[in-house]
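Each chain, letter by letter, is given below.
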Amino acid sequence: MTIRAVVWDVDDTLFDYTSADREGMRAHLAAEGLLAGWGSAEAALVRWREITDQQWARFAAGELTFEDQRRDRVRVFLGAELTDAEADDWFRRYLTHYEAVWSLFPDVLPALDALAAGYRHAVLSNSSLHVQDRKLRTLGVHDRFEAVLCAAELGVSKPAAGAFLAACEALELAPHQVAYVGDHPEIDGRGAADAGLLSVWIDRRGPAAAPAFRPSIGPAADPATGADAPAGPHRIASLAELPAILRADTRFGAPSTFG
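Residues numbered from 1 in each chain as written. Predicted model: local features only at pLDDT ≥ 70, side-chain atom pairs only at ≥ 80, totals over all residues. Heavy atoms only, no water.

1. Points about helix α8 (residues 161-171)
Thought 1: Three or more residues of α8 are buried, namely Ala163, Phe164, Ala166, Ala167, Cys168 and Leu171.
Thought 2: Buried-residue contacts for α8 involve β1 (5-8), β2 (120-125), β3 (147-150), α7 (151-154), β4 (178-182) and α9 (185-194).
Thought 3: Backbone geometry just downstream of α8 places Glu172 in the positive-phi region, at approximately 55°. (Buried < 20%, exposed > 50% of the residue type's maximum accessible area, 1.4 Å probe, protein only. Helix = DSSP H or I, 4+ residues; strand = E, 2+ residues; numbered from the N terminus. Contact = heavy atoms within 4.5 Å.)

2. Some words on the nonpolar core
Thought 1: Of all hydrophobic cores here, the largest spans 47 residues; its most connected members are Trp8, Phe145 and Leu246.
Thought 2: The element that contributes the greatest number of residues to this core is helix α4 (residues 84-99), accounting for six residues.
Thought 3: What Leu246 contacts, discounting residues up to four positions off in sequence, is Ile3, Val6, Leu115, Tyr119, Ala179 and Leu198. (Core = buried A, V, L, I, M, F, W, Y, C linked by side-chain atoms within 4.5 Å.)

3. A few points about the packing of helix α2 (residues 41-60) against helix α3 (residues 66-78)
Thought 1: It is the contact of α2 with α3, at a shortest axis distance of 9 Å, that shows an interaxial angle of 145°. Relative to α3, the crossing made by α2 is right-handed. Judged by residue contacts, Ala44, Arg47, Trp48, Ile51, Thr52, Gln55, Trp56, Arg58 and Phe59 of α2 engage Phe66, Gln69, Asp72, Arg73, Val74, Val76 and Phe77 from α3.
Thought 2: When its residues are assigned to classes, the contact of α2 with α3 shows nine nonpolar, three polar and four charged. (Axes fitted to C-alpha atoms, helices over the stretch in contact; angles between N-to-C directions. Left-handed = near helix turned anticlockwise from the far one by under 90°. Nonpolar A, V, L, I, M, F, W, Y, C, P; charged D, E, K, R; others polar.)

4. Section: unusual backbone geometry
Thought 1: In this chain, Lys158 is followed by Pro159 through a cis amide linkage whose omega measures 15°.
Thought 2: Even without glycine at this site, Asp12 takes up a positive phi of about 65°.
Thought 3: Relative to the helices and strands, Asp12 resides in the loop between β1 and α1 (17-32).
Thought 4: Looking at Asp12, the relative accessible area reads 14%, which means it is buried.
Thought 5: The backbone of Glu172 sits at a positive phi, close to 55°, despite the residue not being glycine.

5. A look at α3
Thought 1: Given a rise of 1.5 Å per residue, 13 residues ought to cover 18 Å, and the 19 Å separating the end C-alpha atoms of α3 matches this to within 8%.
Thought 2: For α3, the set of buried residues is Phe66, Gln69, Arg71, Asp72, Arg73, Val74, Arg75 and Phe77.
Thought 3: Residues of α3 that are buried sit in contact with α1, α2, α4 and α6 (129-138).
Thought 4: Positive phi shows up at Gly79, right after α3, with a value of about 65°. (Expected span 1.5 Å × (residues − 1).)

6. Focus: the pairing of β3
Thought 1: Of the two faces of β3, the one lined by Ala147 and Leu149 and the one lined by Val148 and Cys150 are each fully buried.
Thought 2: Regarding the hand of the β-α-β motif, the stretch spanning β2, α6 and β3 is right-handed. (Right-handed = clockwise from strand over helix to strand, strands pointing away.)

Laid out in structure tokens, this is it:
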């Protein structure tokens, strides 16, 4: 099978979200005079990330709107009953610090350059189009992608197959012609593989940090194409490894490099 397009996750795949969130929140808490209320800056940052993950999961499950998950992150973190306007104002002040430290990972532009001639490119994110469209423009890579799809507008979030299939439909390609690259082993890696795409998990943390995963259940025939379903995600530590995987495209009947 020939891969014709690459669909990308954004946060912690192209964009160094974790570093920007940590440094932005650290600066924001200092500006707000809130660091003294925590044992350490690190404790505050860990708690912010925990709350972010919890509220984001509620958004992905359809329990909250994109805006409400932001507001609830603020309310839970501060332990305060805030109006929507008050929570929005606090979050906007945080965004000023967060956006000041936005950056791409160093391997992103070289990878996009290496793949520019041979593949079409799109984005699929569990965020909102307003947020990711602006982010990609600010980072100078928006024009690299012919389509940008986000969960808030699609009405379906990764790891649901519908999200990945929507990206394939936008490109007018079958799933087996599309690769997906993302940083989350289950939401991105397993989700894309189960949807029939060539799945690539970018794990910059290294093998020691990797959790255990359920094994692949083995190839099953795709009723639409007659091809075997992918065995599981390929795991890479740098986007420099991606071109070789796309050229080889050994998904069908080959061992997974996942886990």
